[in-house]
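Fold and geometry: a report
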Amino acid sequence: MSKEQALSDKKIQAIRGMNDLLPDQSPYWQYFEAQVQTLMQRYGYAEVRMPIVEQTALFARSIGEVTDIVEKEMYTFDDRNGDSLTLRPEGTASCVRAAMQHGLLHNQTQRLWYQGPMFRHERPQKGRYRQFHQVGVETFGLEGPDIDAELILLSARLWKQLGLLEHVTLELNSLGSLEARAAYRDTLVAYFEQHLDLLDEDSRRRLTSNPLRILDSKNPDMAAMLDAAPQLMDHLDAESREHFEALTATLDAAGIGYVINPRLVRGLDYYSRTVFEWTTSALGSQGTVCAGGRYDGLVEQLGGKPTPAVGFAMGIERLILLLETLDLVPDEATPSLDLYLLGMDAAASREALLLGETLREALPALRVQVHCGGGSFKSQIKKADKSGARLALLLGENELAEGSVTVKFLRDEREQCSLPRDGLAAALSELLNVA
RNA sequence: GUGGAUGUAGCUCAGUGGUAGAGCCCCGGAUUGUGGCUCCGGUGGUCGUGGGUUCGAUCCCCAUCAUCCACCCCA
């Protein structure tokens, strides 16, 4: 079978690892996004929105040429003029680019956030998709540990709001300054080279690409050797140590629990000093729900003035999965109808449609659905019930003749009643307690 | 990229080498203008796709695509 034939015969479906968000799920997302938006406003962070596509070089230069993300996970293609473009695999690089390009970093500090889709060509799995969504938070121009602490407090407040705080763990580490990190890296590589025979295949590969990540290995055969490896914490420069100690002291004072994980190494090259991760054990192997750190060198690396920066990103799919798993989405997050209007015949149906408009005009908070598509009276009432509405408003010949509506209580044991259409809004407002 | 499991109705799943079933959903009826419960009836499937073996394949074999789980990676 030719490729063309295969394409034409095949049902068209979504790209692997890229999901549709359907009506039963969208309320969860709206709930989460609303929580995030108000939280950011409460901390004085401003939203930015960047394009989904950037020049490939932006990611290669920021994330690191030899990381897995850049080497084999990016959606990269040529634009019609031959430029190499890439669907963003993460948001920080774009955000830095945007902030630099528009002078947001010129002698000022910034607290920014964004959200949107990211793209990585990985094998899909629970909590890991090729198009996934992140909320990113980035701050610029602030070098002290106070802003590191603020970001962690902000994220902790979000977990608290969502009811997740007791289900996630904060892991902390410091990578030291870029210089200290580079020196430690050399020490570590030297150590591993002495124990080459103990390294598994993956780790040998990482010896040249990202030796720090070997520390993170799950291979039990390597555990003893890794335990004996030189510790990052012992190789911190004095300033980084001070920075880290100030951060933990602030977290202690704020009552935020954490675990210092000397093996916590973020995968992206641009991190230095503080790195942290919020993890959960409730999601299987993709347990990192939020992660970030300091990247003081990145702005300069991308051609800007040296600018301290810290940020983090949350994985929205993972957080929503967690909220679902733990049944933490409140019922109010799924909005239900107040009224379902229906008419017995064509004339009454048209009247119902118009009455719906009148009521929405008078009571903006009212949630009203008008039956469309005809059908028997009985089937229309069934639909009213299924809609979840609290009341059904029935219109028929009698109601049209006397200018009334029949109000049927769908959720209460209460006799239906007749109300005049004059002043109906006021009567319903009282009945439903809706403004 | 590697390993394993699974693809049958819109959904959740039975099933057999002789071209298919249940429950839920949906539609209609029992109830001339009244939902939820009950009863009766009905719509709906190229058994993921392509090929092979066979008189005959949804079932056996191969390939492919998709989903899930783990590795890897990471949010």
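Numbering of residues begins from 1 in every chain and follows the order in which that chain's sequence is written. Chains and ligands are labelled by the order in which they are written, letters from A for the one and numbers from 1 for the other. Two thresholds apply to this predicted model, a pLDDT of at least 70 for residue-level local features and 80 or more for giving and counting side-chain atom pairs, whereas whole-chain, interface and lining totals are computed over all residues. For the side-chain quantities, the full set of heavy atoms in the structure was used; hydrogens and water were omitted.

Under an unreviewed UniProt entry, chain A has the name Histidine--tRNA ligase and belongs to Franzmannia pantelleriensis. UniProt positions are given in the numbering used here, feature names are shortened, and annotations may be inferred rather than shown by experiment. Taken verbatim from the UniProt record of chain A, the Catalytic activity (unreviewed entry) comment is "tRNA(His) + L-histidine + ATP = L-histidyl-tRNA(His) + AMP + diphosphate + H(+)". In its Sequence similarities (unreviewed entry) section, UniProt records this for chain A: "Belongs to the class-II aminoacyl-tRNA synthetase family."

This next bit is on the packing of aromatic side chains. Here a Phe, Tyr or Trp ring, Trp counted by its six-membered ring, pairs with any other such ring whose centre lies within 6.5 Å, and the pair is stacked when the planes are under 30 degrees apart, edge-to-face when over 60, and tilted otherwise. What the rule picks out here adds up to six aromatic pairs. Residues Phe276 and Phe312 carry aromatic rings whose centres are separated by 5.9 Å and whose planes lie at 65° to one another, so their mutual orientation is edge-to-face. Highlighted residues: Phe276 in strand E9 (residues 272-279) and Phe312 in strand E11 (residues 309-315), separated in sequence by 36 residues. Categorising residues by exposure relies on relative accessible area from a 1.4 Å probe, with only protein chains included: less than 20% of the type maximum marks a residue as buried, more than 50% marks it as exposed, and the intermediate range marks it as partly exposed. With a relative accessible area of 2%, Phe312 lands in the buried category. To qualify as a helix, a DSSP run of H or I must reach at least 4 residues; to qualify as a strand, a run of E must reach at least 2; elements of each kind are numbered from the N terminus.

Moving on to the domain arrangement of chain A. Entries for chain A in the domain assignment read domain 1 (3-177 + 237-325) and domain 2 (336-432). Taken over C-alpha atoms, the centre of domain 1 sits 47 Å from the centre of domain 2. What marks off one domain from the next here is an automatic or database domain assignment.

Turning next to the protein's contact with RNA strand B. The criterion for a residue being near a molecule or strand is simple. One of its heavy atoms has to lie within 4 Å of it. Lys126, Arg206, Arg266, Asn398 and Leu410 are the nearest of the 53 residues found near RNA strand B. Close to the protein, within 4 Å, the atoms of RNA strand B are drawn from sugar and phosphate at a rate of 55%. N or O atoms within 3.5 Å of each other form a polar contact, as long as, within protein, one can give a hydrogen and the other can take it, and as long as residues adjacent in sequence are counted only when both atoms are side-chain atoms. Thr288 places a polar main-chain atom, nitrogen or oxygen, 3.0 Å from a sugar or linking oxygen of RNA strand B. One of the backbone nitrogen or oxygen atoms of Gly315 is found 3.3 Å away from a sugar or linking oxygen of RNA strand B. Every element with two or more residues in the surface near RNA strand B is listed here: helix H4 (68-73), strand E6 (131-140), helix H8 (201-209), strand E10 (288-294), E11, helix H14 (377-386), helix H15 (397-402) and strand E15 (404-409). Top contributing element to the surface near RNA strand B by residue count: H14, with eight residues.

As a further point, take the side chain of Thr86. Residue position: Thr86 is located in strand E4 (residues 84-87). On the accessibility criterion, Thr86 (0% relative accessible area) is buried. Of the polar contacts made by the side chain of Thr86, one reaches the side chain of Thr56; its length is 2.8 Å. When checking whether two residues touch, look at their non-hydrogen atoms; a contact exists if any pair is within 4.5 Å. Those residues in contact with Thr86 that sit more than four places away from it in its chain are Ile52, Val53, Glu54, Thr56, Phe59, Met74, Tyr75 and Thr76.

Strand order in the open sheet made by the five strands is E13-E12-E14-E15-E16, with mixed pairing throughout. Every other strand in the sheet has two partners, leaving strand E13 (368-370) and strand E16 (417-420) as the edge strands with one partner each. The average angle at which neighbouring strand axes cross in this sheet is 25°, direction not considered. Interaxial angles span 0 to 180 degrees and are taken between N-to-C directions of axes, which are lines fitted to C-alpha atoms, for helices over the stretch in contact. The sheet strands contacting helix H13 (residues 346-362) are strand E12 (339-343), E13, strand E14 (391-395) and E15, and the helix crosses E12 at an angle near 150°. Helix-sheet contacts for H14 involve E12, E14 and E15, and the interaxial angle to E12 is about 170°. Following DSSP output, two strands are said to pair if at least two bridges run between them.

Points on a 1 Å grid, built from protein atoms alone, make a cavity when a 1.4 Å probe fits but cannot get out and make a pocket when they are open with protein on both sides within 12 Å along at least 5 of 7 lines; residues with an atom within 4 Å of a point are the lining residues. Grid points are joined across faces, edges and corners, and a volume is the space filled by probe spheres set on the points. For the coordinates displayed, the defined rule picks out one cavity of 30 Å³ or more. Approximately 40 Å³ is the volume found for the largest cavity. Surrounding the largest cavity, Tyr184, Leu215, Leu226, Ala229, Pro230, Gln231, Leu232, Pro262 and Arg263 form its lining. Residues are grouped as follows: nonpolar covers Ala, Val, Leu, Ile, Met, Phe, Trp, Tyr, Cys and Pro; charged covers Asp, Glu, Lys and Arg; every other residue, Gly included, is treated as polar. A per-class count over the lining of the largest cavity returns seven nonpolar, one polar and one charged.

Once that is clear, we can look at the nonpolar core. Counting residues in hydrophobic clusters, the biggest one holds 47 residues, and the most contacted among them are Phe140 and Phe192. If you list the elements that add at least two residues to this core, you get helix H3 (56-63), H4, helix H5 (92-101), strand E5 (110-119), E6, helix H7 (178-194), helix H9 (223-227) and helix H11 (298-301). In contact with Phe192, not counting residues within four places along its chain, are Leu199, Leu207, Pro211, Ile214, Leu215, Met225 and Leu226. Residues grouped as a nonpolar core are buried Ala, Val, Leu, Ile, Met, Phe, Trp, Tyr and Cys residues, joined through side-chain atoms within 4.5 Å. Val135, Val168, Val310 and Ile316 belong to the second largest nonpolar core, which has 44 residues in total.

Below, the discussion takes up the sheet that holds E11. The pairing of strands in a sheet comes from backbone hydrogen bonds and takes either a parallel or an antiparallel form. Spatial strand order, E1-E5-E6-E11-E10-E9-E7-E8: eight strands in an open sheet with mixed pairing. The two strands at the open ends of the sheet, each matched to only one other strand, are strand E1 (46-47) and strand E8 (259-260). One ladder, built from five bridges, connects E10 with E11; its direction is antiparallel. The residue of E11 that forms the bridge with Gly292 is Phe312. Set on the sheet, H5 makes contact with E5 and E6; between it and E6 the angle comes to about 45°.

Here the focus is the pattern of salt bridges. A side-chain nitrogen of Lys or Arg and a carboxyl oxygen of Asp or Glu constitute a salt bridge if their distance falls within 4 Å. Under the definition given, this model contains 16 salt bridges. A salt bridge links Glu357 to Arg360; the shortest N-O distance between them is 2.9 Å. Linking Glu357 with Arg360, this pair stays in helix H13, spanning three residues, or about one helical turn. Arg360 gets classed as partly exposed once you look at its relative accessible area, which sits at 30%.

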